[in-house]
Amino acid sequence: TQPPTMLRRLVLVALLMAPATAFMPSAFPGLRKAPIFSARANTAPRQHRFATFFMTADQFTVGVLGDLHIDPRKMEDYETGRNQWLPILDNAKNEHGNVAMVSLGDLGESKSVRPQETSELFAGTTECHKMAAEYLGSFSVPYEVVGGNHDLEGLDEFDTDEANLAMYLREHGKETPQFKRQIAEKTLLVGLGSTVFRSAKYTSHEVTIDDEQMLWFEQVLKEHPSTEGWKVFVFTHAPPNGSGLRVLQENHVVNGCCWLNHSDEKKCSKFIELVREHRCIKAWFSGHFHLGQDYQDSITLPTIDPKDGPYPNRGSCVFVQTSVMRQGTSRDGRQQSRLIRGDCKGFEICTVDHQNGGAVRVDTTVTYTDTNHEIGVYEHKDLKLSGDKYFKVYQPCAGDSLHPPDKGYIPYGEDGALHVNEEVTKETVAWWRMSCGRTMGMLNGMLVEYDTSTLAPLGLIVGADELLGKRIAVIDSGLQDNCVIDESSEGMEGADCAGVSGGVFREQAVVMFDPATGQTTVVQPNEDGSYWRKIVRNKMVRMQEVRRLKAAKEFAREALKLKDSDEDPPVVSSWGPYVSTVGTAKATGVAGLTVPAKQK
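Residues numbered from 1 in each chain as written. Predicted model: local features only at pLDDT ≥ 70, side-chain atom pairs only at ≥ 80, totals over all residues. Heavy atoms only, no water.

Caption draft 1: Quick peek at the overall build of the protein. Looking only at helices and strands, the protein has 10 helices and 21 strands in total. When the 600 residues of the protein are sorted by exposure, 50% land in the buried category. For the protein, the exposed surface amounts to about 28200 Å²; the carbon and sulfur share of it is 53%. (Helix = DSSP H or I, 4+ residues; strand = E, 2+ residues; numbered from the N terminus. Buried < 20%, exposed > 50% of the residue type's maximum accessible area, 1.4 Å probe, protein only. Areas by Shrake-Rupley, 256 points an atom, 1.4 Å probe, with all protein chains shown as cover.)

Here it is, written out as structure tokens:
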């Protein structure tokens, strides 16, 4: 007779292999280099197909794939990556059977893959998701996927996000954008997916988790408390605000698409609040940035040694950045995936290095000390490559009872004002808090707003093109002398000191001035009190604006009777809603742009 342990393994492997075949494409001997994989059948929702699984073993293995951005013309890296993964997965299946793959979304290339035939983007199309489902199903283990910011980008094929989402769910055998899978005893994999693209209020590349998913997620956490021994591993395309992961200031910060639900202050902060409240969340994996896994801040730990800095206040959660598989999609030259190996005692987070034959490197080991606490250890220092350009974005540190604020913090002077006593350069690093609680600072020649609680970067206030060489001051604007308003100004009657407050929450003005010219600019806040500029609108709106500009240019050429050899006439756009402080709308011109500049 077989020993009990061996018998249990045989039973587990038998249970695993039977349903896993539902993920294998018919007649899929290996990845083909043809432009499109054959479609796989989806006879039932994938979450239900595997609902009958219950693995009693506490060991588990999860492969995590970052942004795939599949391009059917460039399949070599995907084939190589899959072949490197298969031995790892096969070994785990033989050892304990609790195995799955998770894709972090952005499945297709966001450009035309047949530019000679069509300008249609590949990402978000039916063809894209059929191919992605075929690829993800070829690993011979169950897979889960969460939607990224490009996965509903089938703009030419679908008129609405709802129609695009329905196709995405159908092709991947999903009933909902979110997923929940029990991978081992008291161990859950939970994923949340983006559901907005065309209807985005601001940039379409913000990863938006809808209200229904948020309610579901919070309920899952309540039903699986750490006090009962549950461990939850979360997967989203973008990380939450407060994760402390390395981000790209020149891309995701300035465009307002770093964090989940980035543009909605309350919803953006909800994720880290849940992490702090529910210590069952042990790790959170994300992609989105296309950065490698060689930096220590591609993984952030929930606790650190007090000698290394203030308490990070990240609950029991390890946040983990995941790189990419294909060379052409990497921003720093790395091609890597993540591997999770765990049991009841803890887990380790590893790198699968696709540039090094699929070698597995342990990056971080996490050991549970009890259901609410753990010890995390980095297994290596930063591994830098020659030519690395992506610096760590400065994030203010407010300190705590054991640590003062960092050297960049600027306090207010005895006069109640704050002055950056130097002309702003690319090297200027400084930050401060406004009396209203908003936090802002300077980095790389830009004025940036930071989240009040986590001090994570939120977005651009003033660009380097406007700020370099100038000085910044924060002054009181609610003083009595400033309340004397000329009542002859139409629309401002009786407005003296309206909304003015004193004391701690006094009204203030952020002033940017040029010592050489005397030019002074007041940086006004947004209507909601924030300062970072939500400049980038959703892609549908921008495409319409580009078409209007193109049509206007053609109209102007015809109206002006220009020849083909003549240069295009100057065409500019005007936007609303606010361009001045007047109480009655009489003019909409922008000096120097749509009307002549005023002369001194």
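There's more to say after this.
Caption draft 2: How the structure looks around the environment of valine 510. Considering the arrangement of structural elements, one finds valine 510 in strand S20 (residues 508-513). Along the sequence, valine 510 and isoleucine 475 sit 35 residues apart, while their C-alpha atoms lie 6.7 Å from each other. Other than its neighbours up to four places away in sequence, valine 510 contacts Met434, Met440, Leu447, Ala473, Val474, Thr521, Val522, Val523 and Tyr531. (Contact = heavy atoms within 4.5 Å.)

Caption draft 3: Structural detail: helix H8 (residues 265-277). Under the 1.5 Å per step criterion, the end-to-end length of H8 is 19 Å for 13 residues, consistent within 8% with the ideal 18 Å. Phenylalanine 271 marks the point of greatest bend in H8, at about 30°. Buried residues belonging to H8 abut helix H6 (211-223), strand S7 (281-286) and strand S9 (318-321). (Expected span 1.5 Å × (residues − 1). Bend = angle between axes of the 7 residues up to and from the residue.)

Caption draft 4: Seen up close, the pairing of S7. Within S7, six of the six residues are buried, leaving the element largely enclosed by the surrounding structure. As paired elements, S7 and S9 share four bridges and run parallel to each other. Among the inter-strand pairings, tryptophan 284 is bridged to a residue of S9, identified as phenylalanine 319. (Pairing = 2+ DSSP bridges.)

Caption draft 5: Region of interest: the sheet that holds strand S3 (residues 143-145). The seven strands lie next to each other as S3-S2-S1-S10-S11-S12-S13, forming an open sheet whose pairing is mixed. Since the sheet does not close on itself, it has two edges, and those belong to S3 and strand S13 (373-378), each with one partner. On average, adjacent strands in this sheet sit at an angle of 20° to one another, irrespective of strand direction. Here helix H3 (residues 76-95) sits on the sheet and contacts strand S1 (60-65), strand S2 (99-103), strand S10 (336-343), strand S11 (346-353) and strand S12 (359-370); the angle it forms with S2, its principal contact strand, is near 145°. (Axes fitted to C-alpha atoms, helices over the stretch in contact; angles between N-to-C directions.)

Caption draft 6: Quick peek at the pattern of salt bridges. For the coordinates displayed, the defined rule picks out 21 salt bridges. A salt bridge links glutamate 109 to arginine 326; its shortest N-O distance comes to 2.8 Å. Remark: arginine 326 occurs in the loop between S9 and S10 and glutamate 109 occurs in the loop between S2 and helix H4 (126-136); sequence separation between them is 217 residues. There is no split in this pair, since glutamate 109 and arginine 326 are both buried. For aspartate 568, the salt bridge is made with arginine 557, and the minimal N-O distance between the two is 2.8 Å. Of the two residues, aspartate 568 sits in the segment after helix H10 (539-559) while arginine 557 sits in helix H10, which places them 11 residues apart along the sequence. Judged by its relative accessible area of 44%, aspartate 568 is partly exposed. (Salt bridge = Lys/Arg side-chain N within 4 Å of Asp/Glu carboxyl O.)

Caption draft 7: Main features of the packing of H6 against H8. In contact at an axis separation of 12 Å, H6 and H8 are set at 10° when each is read in the N-to-C sense. The pairing of H6 with H8 is recorded here as roughly parallel in orientation. Contacts between H6 and H8 involve Asp211, Met214, Phe217, Glu218 and Leu221 from the first element and Lys267, Lys270, Phe271 and Leu274 from the second. For the contact of H6 with H8, the per-class residue count stands at five nonpolar, no polar and four charged. (Parallel < 35°, antiparallel > 145°, perpendicular 65-115°, else oblique. Nonpolar A, V, L, I, M, F, W, Y, C, P; charged D, E, K, R; others polar.)

Caption draft 8: Focus on the environment of glycine 416. For glycine 416, the position within the fold is in the loop between S13 and strand S14 (418-419). Ignoring sequence-local partners within four residues, the contact set of glycine 416 consists of Asp476 and Arg506.

Caption draft 9: Seen up close, the side chain of glutamine 335. Looking at where glutamine 335 falls in the secondary structure, it is placed in the loop between S9 and S10. Looking at glutamine 335, the relative accessible area reads 7%, which means it is buried. Within the structure, the side chain of glutamine 335 is placed 3.3 Å from the side chain of aspartate 77, a separation counted as a polar contact. For glutamine 335, the side chain forms a polar contact with the side chain of glutamine 355, separated by 3.0 Å. (Polar contact = N/O pair within 3.5 Å; in protein donor to acceptor, adjacent residues only side chain to side chain.)

Caption draft 10: Structural detail: the packing of aromatic side chains. Taken as a whole and assessed by the stated rule, the structure comprises 11 aromatic pairs. Relative to tyrosine 135, the ring of tyrosine 78 lies with its centre 5.8 Å away and its plane at 75°, an arrangement referred to as edge-to-face. Of this pair, tyrosine 78 sits in helix H3 while tyrosine 135 sits in helix H4; the two residues are 57 residues apart in sequence, bridging distant segments of the chain. Centre to centre, the rings of phenylalanine 217 and tryptophan 284 are 5.9 Å apart; their planes meet at 85°, and the pair counts as edge-to-face. Here phenylalanine 217, found in helix H6, pairs with tryptophan 284, found in strand S7; they are 67 residues apart in sequence, far enough to count as distant. (Phe/Tyr/Trp six-rings, centres within 6.5 Å; stacked < 30°, edge-to-face > 60°.)

Caption draft 11: Spatial organisation of the sheet that holds S7. An order of S4-S5-S6-S7-S9-S8 is seen for the six strands of this open sheet, with the pairing classed as mixed. Only two strands of the sheet have a single partner each, and these edge strands are strand S4 (179-184) and strand S8 (299-300). Where S4 meets strand S5 (residues 187-191), five bridges bridge the pair, whose relative direction is antiparallel. Counted as the bridge partner of phenylalanine 179 is glycine 191 from S5. Across the sheet, H8 lies against S7 and S9, angled at about 150° from S7, the strand it touches most.

Caption draft 12: Focus on the nonpolar core. Core analysis: the biggest nonpolar cluster contains 38 residues, and Trp432, Met442, Leu447 and Ile472 have the highest contact counts within it. Mapped onto this core, the elements with two or more residues apiece are strand S15 (430-433), strand S16 (439-443), strand S17 (446-450), strand S18 (457-462), helix H9 (464-467), strand S19 (471-476) and S20. Non-local contacts of isoleucine 472, meaning those with residues more than four positions away in its chain, are made with Leu418, His419, Val420, Val424, Trp432, Met442, Leu447, Leu467, Val511, Met512 and Phe513. (Core = buried A, V, L, I, M, F, W, Y, C linked by side-chain atoms within 4.5 Å.)

Caption draft 13: Structural detail: the environment of glutamate 348. Along the chain, the position of glutamate 348 falls in strand S11. Residue classification places glutamate 348 among the partly exposed positions, given a relative accessible area of 21%. Separated by 287 residues in sequence, glutamate 348 and threonine 61 have C-alpha atoms that sit 10.0 Å apart. The contact partners of glutamate 348, leaving out residues within four places of it in the chain, are Leu339, Ile340, Arg341, Val362, Thr364 and Thr365. Side chain to side chain, glutamate 348 and arginine 341 meet in a polar contact 2.8 Å long.

Caption draft 14: Main features of the confidence of the model for the protein. Mean pLDDT over the protein stands at 83; residues scoring 70 or higher make up 79%. In the predicted structure, residues 1-56 sits below a pLDDT of 50 and forms 101 contacts with residues beyond four places in sequence or in another chain. Of the regions scoring below 50 in pLDDT, residues 498-503 engages in six contacts with residues more than four places distant in sequence or in other chains. (pLDDT = per-residue confidence, 0-100.)

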